[in-house]
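# What the coordinates show
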12 protein chains.
Amino acid sequence: MADHVYKIVELVGTSRTTIEDAVQNALTKASETIRSIRWFYVTETRGYVEEGRVGYWQVTIKLGFTIEE
Amino acid sequence: MADHVYKIVELVGTSRTTIEDAVQNALTKASETIRSIRWFYVTETRGYVEEGRVGYWQVTIKLGFTIEE
Amino acid sequence: MADHVYKIVELVGTSRTTIEDAVQNALTKASETIRSIRWFYVTETRGYVEEGRVGYWQVTIKLGFTIEE
Amino acid sequence: MADHVYKIVELVGTSRTTIEDAVQNALTKASETIRSIRWFYVTETRGYVEEGRVGYWQVTIKLGFTIEE
Amino acid sequence: MADHVYKIVELVGTSRTTIEDAVQNALTKASETIRSIRWFYVTETRGYVEEGRVGYWQVTIKLGFTIEE
Amino acid sequence: MADHVYKIVELVGTSRTTIEDAVQNALTKASETIRSIRWFYVTETRGYVEEGRVGYWQVTIKLGFTIEE
Amino acid sequence: MADHVYKIVELVGTSRTTIEDAVQNALTKASETIRSIRWFYVTETRGYVEEGRVGYWQVTIKLGFTIEE
Amino acid sequence: MADHVYKIVELVGTSRTTIEDAVQNALTKASETIRSIRWFYVTETRGYVEEGRVGYWQVTIKLGFTIEE
Amino acid sequence: MADHVYKIVELVGTSRTTIEDAVQNALTKASETIRSIRWFYVTETRGYVEEGRVGYWQVTIKLGFTIEE
Amino acid sequence: MADHVYKIVELVGTSRTTIEDAVQNALTKASETIRSIRWFYVTETRGYVEEGRVGYWQVTIKLGFTIEE
Amino acid sequence: MADHVYKIVELVGTSRTTIEDAVQNALTKASETIRSIRWFYVTETRGYVEEGRVGYWQVTIKLGFTIEE
Amino acid sequence: MADHVYKIVELVGTSRTTIEDAVQNALTKASETIRSIRWFYVTETRGYVEEGRVGYWQVTIKLGFTIEE
C-alpha cells in the first residue's frame, strides 16, 4: 500500500430515519462516480426540525479514496 | 428570511435505546415551550454504563429557533 | 463520591450494523477486565467502505471507571 | 465590578448587506428584552447563496450581560 | 434517570480571591432562579489586572440542570 | 429535501476592499461551474500587508451545493 | 534524557475543596502504582452541584511518566 | 525566500465602524515600529456594546514579519 | 494577486521513509492533473505499523491552487 | 476606548502553591517592564511532579496591554 | 475485521535526530509488551533546546492495537 | 525551578530540505538575541510549492525561554 495517494472529499448525506442511513446515502451517491472508496469519518451531525420532530438528519462526512492510475 | 434573528439553546436529551431517540426526546421537551424550532446540531455524545452495558445515552444538542415578533 | 479517582481509557469498537452497537461492543470487551465502568463519551466516528456501503463502523470512545481500593 | 455575575446567550443575526449589520441586527433584537448587554464575540460566519450571490449573512454571536439585582 | 432532559446555560462568575470562588459566585446567583442544578464545567478562565495584580477572576462555566415537569 | 446529498468544496476568495467582497468573489468564480450552490461558511480570514496597509483580504470558505441528478 | 519513552495516562481526581486538591488526589492515587511520574496537564475542570454549592470538583489530568527498563 | 525566519505577534485593533477598520488600525500601529510586515490572520472578533449597539469592534490578529538581518 | 480565487483540496500521501517524502508523493500525484499548485499545509500525520516498525507514513495535506481562467 | 491597539504576549508563571499564585507571579514579572496591563486569560495549566506530589504549577497566560503613545 | 475492539494508548518518543526516529523509538519500546500494534497518529511535536539547537525531539503519538482474545 | 517565569514567542522557520531543518533555522535565528531558550512546540507545518515539488517548508513554532533577572 506504500506510496499510494488518497483524495478526501466532503459530503453531506441526509435521511429521515437515522444517522447511519444519512451516511449510507452519501456513500451511495458518491459511489456512482468514485471507484475504490476506502473510508469515511463523520465531521458534523445536524438536523432540521419539523413541528417538534427531527425532519431529517444531515450528516457531514469526509470520504477517502485511492487516486487510481 | 433576511434580518430574522435566531436564538440557540443547549439541551441534553437522554434515551435508553439510541442516539437518535435521545435527540428526539430533547426536541420533544423543548417544543413544549418553544415554537418554531428550526434546526439542531449535536455537540457531544456521552453515556452512562450499567453493568457493562449502555444504561442510557446522553446527547447534547444546540437548538436554533426564530425569535418571534 | 468525593475524593474518588477515576481512570479514563480509549477504545475503538466496531460493528457492521450501527454506531450504538459499535459502542456496546467496546464496552462488552472492556467489562471483561474492568469492573465498575461508569461513563463514556464518543470522540470519533469513522467507518470502512466495501463496494459503496458501510462495511463496518469504528467508533472511538473514552471510558471512565473507578480505581478501586 | 467584582462579584458580578454575567449570563451569556447565543444568537444568530442575519443581514442582506454585511457581517457587521448581521451582528447589529442580533443586538437590536436582544436589547428589546435584555438590559445591560456588555459584550459579544463572533462564533460563526455563514451565509445562504441565491443565484451565485450572498443572499444573506448569518452571523452567530455569544452575548454577555449583567444579571441584575 | 433515563429520558430526562437537561438544559445547559453559560455564566461568568467573578471573584477578587480565587477561581473556585468565582465559580461558586456564579452558582449562588444561578440557584436563586434555577432549581435542581446538577453539574458545571469551566470553559474559560480570565481576569482583569489592576496595577500589576489580578483585580478579579472571571470564570466562565456551563451549568446543567434538569428541566422539571 | 430529505435524502438529498450535498458536496462541500473549499475556496479562497480575495479582495482589496472587504471581507464580504472576498467571499462574493469566491462565490462568483464557483458559480461559473457549479449550479445550485446553497450555503457557505467562513473558515479563515487572512490578509497580505503592503507597506503597513491591508493589501488584499484572503477569506477561506466552505461551499455546499446539491449534487444534481 | 534522549531516547527515553514516556507513557501518558488520563485520570480524574475529585475534591470537595479546591482544583489543586483534586489534582493532588489523582497524583496520590497514581503514585501508588506508577513510579517516576514526571508531569501532568489539566484537560477538563468540572464539578457536581449540591443545593447550589460546588459539591466536589472533578479535574481531568493527563499524567506522563517514564517507562522504566 | 528559503531559510528566512518570520516572527508572529498578536495584536487587538479596535474601531467604531467595521471589522476591516479594526484590523487596519492594528496594522497602522504595528507598522510604526515593525518594518516588513508580511501577512496577518484574524483569531477573534469581539465587540463592546453601548445601549444596544456595537460601541466598538475588537479584532485580534496575528501578524507575521521578516526578522531582518 | 488581488481578486484571484484559489481552490483547496485534501490529499493523503504515503511513504515508507519520511514525512517529507509522503508530502512530496501527494504533490507529485496532484501535479499530474493540477497546474499552478501554490501551497499546502499538513493536517494530520499518521502511520501504519508492521511488526513494531513504521510500515509507512500517511500524511494528510490541504493543497491550494489558483483557479485558472 | 475606541481605536486603541492592544498587544498580547504569552507567559508561563510557576508556583509551588496554587494556580492563582502562578498567574500572579507571571503578572508581577511582566509588570516590571510593561505598564498598563489590562487583562489575561489562561491557556494551559500544567505541573511537574516530585515524588508523587505537585512540585510546582506551570500556568500559561496570554496578557493584553495597551500600546502606549 | 468487524466486531474487533482496539485499544489506544498515548506515548512520547524522543530522539536526538528526527521526528521520524522519535516515533520509531516509541513504537520499539511499545512493541516489547504490546503485540499486534496496528496504527498511530501524531498528536504533538515538541522539543528541548540546548545552546540554541534542538537537543532532542519529543513526539507524542496515540497508538492503536487489537485487544487479543 | 519554582517561581521562574517564562516567555513564549512564535516564529516561522523555513528550509528547502526538511521540517527538522526549518525548526533549527528558527532556533538559530532566535538564539542570536534570546539567551536561555528552553523548549519549543510545533503549531503548524506548511510549505510553498514550486513546479510540483516542495519549494520550502514553513514550520511555525512556539518557543519558551526564561525571563532572566
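First, a word on scope: everything that follows refers to the structure included in this document. Here the structure is a predicted model, which means the values were calculated and not measured. (Residues numbered from 1 in each chain as written. Chains lettered and ligands numbered in written order. Predicted model: local features only at pLDDT ≥ 70, side-chain atom pairs only at ≥ 80, totals over all residues. Heavy atoms only, no water.)

## Notes on helix α1 (residues 19-30) of chain B
Residue and element names in this part refer to chain B. The test is simple: Think of it this way: any DSSP run of H or I at least four residues long counts as a helix, any run of E at least two long counts as a strand, and we number them from the N terminus. Here the expected length of a helix is defined as 1.5 Å per residue gap, with one fewer gap than residues. A simple rule labels every residue: compare its accessible area, found with a 1.4 Å probe on the protein chains alone, to the largest value its type can have, and call it buried under 20%, exposed over 50%, or partly exposed in between.
If you check α1, its first and last C-alpha atoms are 17 Å apart, about what 12 residues at 1.5 Å a residue would give, namely 16 Å. Judged by how many residues are buried, α1 sits mostly within the fold: 10 of 12 residues are covered. By the burial criterion, the buried members of α1 are I19, E20, A22, V23, Q24, N25, A26, L27, K29 and A30.

## Focus on the relation of the copies chain C and chain A
Inclusion rule: To superpose the copies, least squares is applied to the C-alpha atoms of every residue with a pLDDT of at least 70 in both. Contacts between residues were defined by any pair of non-hydrogen atoms, one from each residue, lying within 4.5 Å.
Least-squares fitting of chain C to chain A yields an RMSD of 0.0 Å, with the superposition described by an axial translation of 0.0 Å and a rotation of 120 degrees. The transformation just described matches what one would write down for a three-fold rotation axis. Of every C-alpha in chain C, the one belonging to I19 of chain C sits nearest the axis of rotation, 5.0 Å from it. A share of only 15% of interface residues in chain C that are also interface residues in chain A marks the association as one of differing surfaces.

## Structural notes on the pairing of strand β3 (residues 53-66) of chain A
All names here are of chain A. Worth spelling out the cut-off: DSSP bridges decide pairing: two strands pair if at least two such bridges lie between them.
Burial runs high along β3: 13 of the 14 residues are buried. Pairing analysis gives 10 bridges linking strand β1 (residues 5-15) to β3, with the strands arranged antiparallel. Counterpart to Y6 in the pairing with β3 is T66. Strand direction decides the pairing type here: strand β2 (residues 37-50) and β3, joined by 12 bridges, are antiparallel. Each bridged residue has a counterpart across the sheet, and for T45 the counterpart in β3 is V59. Count of turn residues in the β2/β3 antiparallel hairpin: two residues, of which E51 carries a positive phi of about 50 degrees.

## Things to note about the arrangement of the chains
At the level of C-alpha atoms, the two units chain D and chain G stay apart, their nearest approach being 15 Å. Separated in space, chain B and chain H share no contact, their closest pair of C-alpha atoms being 15 Å apart.

## Comments concerning the interface of chain C and chain A
Defined as follows: The term buried area refers to how much accessible surface (probe radius 1.4 Å) is lost by two components on association, counted for both of them together. Nitrogen and oxygen atoms within 3.5 Å of one another constitute a polar contact, given that in protein one can donate a hydrogen and the other can accept it, and given that sequence-neighbouring residues count only through two side-chain atoms. Throughout this entry, Asp, Glu, Lys and Arg are counted as charged residues, while Ala, Val, Leu, Ile, Met, Phe, Trp, Tyr, Cys and Pro are counted as nonpolar. The remaining residues, Gly among them, count as polar.
Tallying the contact residues gives 13 residues for chain C and 13 residues for chain A. Surface buried jointly by chain C and chain A totals about 1100 Å² across both partners, of which 61% is contributed by carbon and sulfur atoms. Applying the counting rule to chain C against chain A returns six residue pairs in polar contact (both at pLDDT 80 or more). Here the element with the most residues in the side of chain C that touches chain A is strand β2 (residues 37-50) of chain C; it accounts for five residues. Split into classes, the residues belonging to the side of chain C that touches chain A amount to five nonpolar, five polar and three charged. Where β2 of chain A and β2 of chain C come together, three bridges link them in antiparallel fashion. In the strand pairing of β2 of chain C, W39 of chain A is matched with Y48 of chain C.

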